[in-house]
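Given next are the chains, with one letter for each unit.
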Amino acid sequence: MKKRLSKARPAARSARRKGIVDPAKQARLVSDRLAPAIPSPRIELDFQTPWQLLIATILSAQSTDDRINMVTPMLFRRWPTPRALAAASQAEVEEVVKSTGFFRNKAKAIRECSRALVERHGGEVPRTMEEMVELPGVARKTANVVLGNALGIQAGMAVDTHALRVSRRLALTRQEDPAKVEADLCAVFPKNEWTVSALRLQLHGRYVCTARKPDCAHCPLNEICPSREAVPVGTLQDRIRYERVVVKSRGRERPES
Ligand code: SF4
């Protein structure tokens, strides 16, 4: 049977206008609308193995995924294993990752992280949050990205700057600290959907609910969002189709409305 999207009742609309939102109900409404708009969310960093995603994620701090995807093929060609990267010279690794920014710190972090994998885990990426955050250069967000996207382990939800902003705008949380935001999100999204739900929030924030100019008019979440800044354009299905095109094209295409 076809699933119907939830419609806000007058009382719920009034509460939402006043910024009073039940986060659990809100999470269900958000999922109902974002799931068809971003049906198969995928991380935008290229990788072949959990170790490659770990290294790419460390490098992606303060950079773009497109930039990292330009650098990692050369990096992994020259040093194809944790053991090889751990043994590489700092100067040579710096040269390869230079364009990603903060290259001295990043070169050191990926070498030390690779060394720790070899020394503590036989060159394999560990499968628990506790072990992951013990690795040099790895905090919860990176650990969640790798565990969820490369190993299929739902340890938590990766809260990047986009997911954090979107979660606050949608009143899924009032927190500002990423760890507290993650705890709020994990409490309201089903555990078996933590990775995809986090990816949807990230992609929605990256391409539609942007920091400076959120595209509220075309947003499928418009009617349920207490932070909306424009009236919705077209039907909900029109905006779901719009977001599907925008996210799939990584923001390069925006259909005419
Ligand atoms: S309506 Fe605007 S503020 Fe709310 S989620 Fe959509 S783009 Fe973001």
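Computed from a predicted structure; not experimentally measured.

**Student:** Before we go on, may I ask you to explain the site of the ligand in this structure?
**Tutor:** Neighbouring residues of the ligand: 14 residues in total, closest Cys209, Pro214, Cys216, Cys219 and Cys225. Classifying every residue of the shell around the ligand gives eight nonpolar, two polar and four charged.

**Student:** Would you take a moment to explain the nonpolar core for this structure?
**Tutor:** Considering soluble globular proteins, one finds that nonpolar side chains tend to be buried as a cluster. If you look at the biggest cluster of nonpolar residues, it comprises 65 residues, and the most contacted ones within it are Leu53, Leu54, Ile110, Cys113 and Val146. Residues from two domains meet in this core; each of domain 1 (8-42 + 178-248) and domain 2 (50-150) gives at least three. Ile110 has contacts with Ile55, Ile58, Leu59, Leu85 and Val93, leaving out every residue within four places of it along the chain.

**Student:** Can you walk me through unusual backbone geometry in this structure?
**Tutor:** Residues other than glycine predominantly adopt negative phi, and peptide bonds predominantly adopt the trans conformation. Although it is not a glycine, Gln62 adopts a positive phi angle of roughly 60°. On the basis of neighbour counts, which here come to 9 C-beta atoms within 10 Å, the residue Gln62 falls in the exposed class. Non-glycine residue Arg250 carries a positive phi angle of around 55°. Looking at the element boundaries, Arg250 is found in the segment after helix 13 (236-248). You can call Arg250 partly exposed: it has 13 C-beta atoms within 10 Å.

**Student:** Looking at this model, I keep getting lost on the packing of helix 10 (residues 161-169) against helix 12 (residues 194-207). Mind explaining?
**Tutor:** How two helices pack is summed up by the angle between their axes together with the distance between the axes. Between helix 10 and helix 12, the shortest axis-to-axis distance is 7 Å and the interhelical angle comes to 90°. By the angle between their axes, helix 10 is roughly perpendicular relative to helix 12. Listed contacts from helix 12 to His162, Ala163, Arg165, Val166 and Ser167 of helix 10 are Ala198, Leu201, Gln202, His204, Gly205 and Arg206. Grouping the constituent residues of the contact of helix 10 with helix 12 by class yields four nonpolar, five polar and two charged.

**Student:** It is not clear to me how the domain arrangement of the protein chain should be interpreted in this structure. Could you clarify?
**Tutor:** It is common to report an interface's size as the accessible area lost on association of the parts. The domain architecture assigned to the protein chain consists of domain 1 (8-42 + 178-248) and domain 2 (50-150). Between the C-alpha centres of domain 1 and domain 2 the distance comes to 31 Å. Looking at the side of domain 1 that touches domain 2, the elements with two or more residues in it are helix 11 (178-188) and helix 12. By residue number, the principal contributor to the side of domain 1 that touches domain 2 is helix 11, which donates three residues.

Rules behind the numbers
Residues numbered from 1 in each chain as written. Predicted model: local features only at pLDDT ≥ 70, side-chain atom pairs only at ≥ 80, totals over all residues. Near = placed C-beta within 6 Å. Nonpolar A, V, L, I, M, F, W, Y, C, P; charged D, E, K, R; others polar. Core = buried A, V, L, I, M, F, W, Y, C linked by C-beta atoms within 7 Å. Buried ≥ 20, exposed ≤ 12 C-beta atoms within 10 Å, placed from the backbone. Domains from an automatic or database assignment. Contact = placed C-beta atoms within 7 Å. Helix = DSSP H or I, 4+ residues; strand = E, 2+ residues; numbered from the N terminus. Axes fitted to C-alpha atoms, helices over the stretch in contact; angles between N-to-C directions. Parallel < 35°, antiparallel > 145°, perpendicular 65-115°, else oblique.

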